[in-house]
Amino acid sequence: MFWDEKIECLSRDEIVSKKEKLLRETVRYAYKNVAFYRDQFDARDMDPGQIRSIDDISSLPFTTKLDLRDNYPYGFCAVPLSRIVRVHASSGTTGKPTPVFFTKSDMENWTISMARNCYMVGIREKDVCQIAFRYTLFTGAFGHHLGADSIGATVIPTSSGQTERQIMMMQDFGTTVIHCTPSYAITIAERMREMGIHKGDLSLRLGIHGAEPMSEELRGEIEERLGITALRDYGMTELGGPGTSIECPEKNGYHINEDFFHPEIIDPDTCKPLPNGQTGELVFTTLQKEAMPLIRYRSRDITHLETETCGCGRTLIRHGPIIGRSDDMLIIGGVNFFPSQLECVMLGFEEIEPHYVIYLKKKGRLDHVSVAVETHPDFWANAPGEKIAELVQKIETKVKNDIGFRMQIKIVEPLTIPRSEGKAQRVVDER
Ligand code: DLL
């Protein structure tokens, strides 16, 4: 049932004591090998030896994406280039990428964490795993590949895109597990419908979806359309990609690989640590990285931590769903909201499809939000104008009640919103 029961089911005291040892080593190692950390500690008159327990971590400085940018390309690298065996980088396509480096030992640890995660969701030797994350500098495909491969499953590295071919391969090779972003899972489901392929024609049973949010409503759509269990997977380039945390089949939060990553939740405004259970920004300290150790890295992702043991028996601390980012949180007329909240409201209407774009514009001095969203093709084809107007009215009222301000909803023709093969572009800011 467990890939590594000795780690996954430790008592809280055992895991804390293990992490404290690793934290002391990491802090000393980062101070010795990364000029950025040496400067930060020296500026605070801090000696790495002062860090003894997990609680001491709150006296350490944070690291941000801007710090990584300022030290591009090799500033955060703690080993000579000759020891680097792999480079990956952030998925953004403009500007300088945010790189992450791996030594041989980092690759081994990435493999361990991905094998643990893939086993946790239920992948076994007999599975046929189709990796439909993009094989590029992006970490998603390579991480999932490592995990499925070390379990001994059959790996089909299709990458994302060429959706019809992707579906043909699923049919012909009896794919049982699909690894991709949630938005690409919906793109696949939709193309299947166009091709007249039914979920019963495939052997799919499991989807592992990460790299962007998947609301409960979107999960429901994916599960229903593909006939699978859909589980969420989380990580980020700077921490080495997927492998940080994943949901088990209990769907009860993401188990964090705590022997590799120590999580904290902070208030993003005051930067003060928040107690477990409270919602704030997730911050990670790496505990076993050689090439690129990070201390208190601010993820910008908003969630909370849960410590009770999960129904699956694992004791690893969990974080909840990512409800937004502290930096892409939209503030409209003083109301904070996240695109994922809007998605939940809209997908509560059975006529609505999970394809939408949020447009932000200025009208005079005020922000104006409009949302283009598609309906099911059948509804579009058969509903008279007044039915559509009625649906718009209902969604606008629900959005106003649930989120707190009015957004203009526009129902657009099916298949007019660009489909995603990777992370979906949900917000167009024209202000
Ligand atoms: O998205 C790594 C990854 C690949 C994770 C495949 C899972 C599966 P980046 O491109 O650096 O790395 O983007 C990281 O994506 O800080 C979150 O904001 C968002 N993100 C990742 N996973 C989830 C998730 C990869 N499960 C950023 N739910 C993170 C919500 C997620 N957001």
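Residues numbered from 1 in each chain as written. Predicted model: local features only at pLDDT ≥ 70, side-chain atom pairs only at ≥ 80, totals over all residues. Heavy atoms only, no water.

*Asks:* Any chance you could break down the overall build of the protein chain for me, citing the residues and the numbers?
*Replies:* The number of helices and strands found in the protein chain is twelve helices and 21 strands. Its C-alpha atoms give the protein chain a radius of gyration of 22 Å, near enough to 22 Å, the size a compact globule of 431 residues would have. Here the C-alpha coordinates of the protein chain stretch approximately 70 × 55 × 40 Å along the principal axes. The burial tally for the protein chain puts 55% of its 431 residues in the buried class. Restricting to contacts in the protein chain with at least 6 residues of sequence separation, those with at least 24 account for 66%. For the protein chain, the accessible surface area stands at approximately 18600 Å², while carbon and sulfur atoms represent 49% of it. The centroid of the 52 positive side-chain charges in the protein chain is displaced by 3 Å from the centroid of its 62 negative side-chain charges. (Helix = DSSP H or I, 4+ residues; strand = E, 2+ residues; numbered from the N terminus. Rg over C-alpha atoms; globule rule 2.2 N^0.38 Å. Buried < 20%, exposed > 50% of the residue type's maximum accessible area, 1.4 Å probe, protein only. Contact = heavy atoms within 4.5 Å. Areas by Shrake-Rupley, 256 points an atom, 1.4 Å probe, with all protein chains shown as cover. Lys, Arg positive; Asp, Glu negative; His and termini not counted. Charge placed at Lys NZ, Arg CZ, Asp CG, Glu CD.)

*Asks:* Describe the pattern of salt bridges, and please don't skip the residues or the numbers.
*Replies:* A complete count under the given rule lists 33 salt bridges for this structure. Close ionic contact of E290 with R83 constitutes a salt bridge, the shortest N to O distance being 2.8 Å. Linking E290 in the loop between β11 (280-286) and β12 (297-303) with R83 in the loop between α4 (65-70) and β1 (86-89), this pair joins segments that are 207 residues apart in sequence. On the basis of relative accessible area, E290 is assigned to the partly exposed category, the value being 22%. Here R325 and D301 are joined by a salt bridge, their closest N and O atoms 3.1 Å apart. With R325 in strand β15 (residues 324-325) and D301 in strand β12, this pair connects stretches of sequence that are 24 residues apart. (Salt bridge = Lys/Arg side-chain N within 4 Å of Asp/Glu carboxyl O.)

*Asks:* Please give an account of the pairing of strand β5 (residues 177-180) that cites residues and values.
*Replies:* Consecutive side chains along a regular strand alternate between the two faces of the sheet. With burial as the criterion, each face of β5 is covered, one bearing V177 and H179 and the other bearing I178 and C180. Of the pairings in the sheet, the one linking strand β3 (residues 128-131) to β5 comprises three bridges and is parallel in character. Counterpart to I131 in the pairing with β5 is H179. With four bridges joining them, β5 and strand β6 (residues 206-210) adopt parallel strand pairing. Counterpart to V177 in the pairing with β6 is L206. Handedness of the crossover is the feature at issue here: the chain leaves β5, passes through helix α8 (residues 182-195), returns alongside β6, and the resulting connection is right-handed. (Pairing = 2+ DSSP bridges. Right-handed = clockwise from strand over helix to strand, strands pointing away.)

*Asks:* If you had to explain the nonpolar core to someone new, which residues and values would you point to?
*Replies:* By size, the foremost hydrophobic cluster in this structure holds 66 residues, and its most contacted members are Y37, L60, F76, I123, F284 and L294. For this core, the element with the highest residue contribution is helix α5 (residues 104-121), accounting for seven residues. Contact partners of I123, with chain neighbours within four places excluded, come to C118, C129, I151, A153, V177, H179, R205, L206 and I208. If you look at the next biggest cluster of nonpolar residues, it comprises 47 residues, including I188, L226, F337 and I358. (Core = buried A, V, L, I, M, F, W, Y, C linked by side-chain atoms within 4.5 Å.)

*Asks:* So what about the sheet that holds β11? Which residues, and what values?
*Replies:* Taken in spatial order, the four strands line up as β10-β11-β12-β15 in an open sheet, and their pairing is antiparallel. Only two strands of the sheet have a single partner each, and these edge strands are β10 (261-266) and β15. Bridging between β10 and β11 involves six bridges; their strand directions are antiparallel. The partner of P263 across the bridge, within β11, is F284.

*Asks:* Any details on the sheet that holds strand β18 (residues 352-363)? Residues and values, ideally.
*Replies:* Strand pairing within a sheet occurs via backbone hydrogen bonds; the two strands may be parallel or antiparallel. Read from one edge to the other, the open sheet built from four strands follows the order β20-β19-β18-β21, with strand pairing classed as mixed. Edge positions in the sheet fall to β20 (408-412) and β21 (427-429), since each has one partner strand and no second. Strand after strand, the sheet turns through a mean of 20 degrees between neighbouring axes, direction not considered. Bridge count between strand β19 (residues 366-375) and β20: five bridges; the pairing is parallel. Counterpart to A372 in the pairing with β20 is K410. Contacts between helix α10 (residues 339-347) and the sheet are confined to β18, β19 and β21, with β18 contributing the most and set at about 130 degrees to the helix. Against the sheet, helix α12 (residues 385-403) engages β18, β19 and β20, with an angle of about 145 degrees to β20. (Axes fitted to C-alpha atoms, helices over the stretch in contact; angles between N-to-C directions.)

*Asks:* Outline the side chain of N257, listing residues and values.
*Replies:* Mapped onto the elements, N257 comes out in the loop between β9 (254-256) and β10. At a separation of 3.1 Å, a polar atom in the side chain of N257 contacts the side chain of N117. Other than its neighbours up to four places away in sequence, N257 contacts S113, R116, N117, G243, T244 and L316. (Polar contact = N/O pair within 3.5 Å; in protein donor to acceptor, adjacent residues only side chain to side chain.)

*Asks:* Account for the environment of M114, naming residues and giving values.
*Replies:* Note on placement: M114 falls in helix α5. Residue classification places M114 among the buried positions, given a relative accessible area of 0%. Beyond its immediate stretch of four places on either side in the chain, M114 contacts G143, H144, G147, P242 and G243.

*Asks:* So what's going on with the domain arrangement of the protein chain? Residues and values would help.
*Replies:* Looking at the assigned domains, one finds that the protein chain contains domain 1 (1-325) and domain 2 (330-429). A straight line from the C-alpha centre of domain 1 to that of domain 2 covers 30 Å. With 25 residues of domain 1 at the contact, the number on the domain 2 side is 20 residues. Contact between domain 1 and domain 2 buries roughly 1800 Å² in total, counting both sides, with carbon and sulfur atoms accounting for 51%. (Domains from an automatic or database assignment. Buried area = accessible area lost by both parts, 1.4 Å probe.)

*Asks:* Give me the lowdown on the packing of aromatic side chains, citing residues and values where you can.
*Replies:* One pass over the structure, following the stated rule, counts twelve aromatic pairs. Centroid distance F102 to W110: 4.9 Å. Interplanar angle 25 degrees. Geometry classified as stacked. On the basis of relative accessible area, W110 is assigned to the buried category, the value being 5%. Here the basic side chain of R124 rests over the ring of Y119, its NZ or CZ set 3.5 Å away from the ring centre. A cation sits over an aromatic face here: R298 above F62, 5.9 Å from the ring centre. (Phe/Tyr/Trp six-rings, centres within 6.5 Å; stacked < 30°, edge-to-face > 60°. Lys NZ or Arg CZ within 6 Å of the ring centre and 35° of its normal.)

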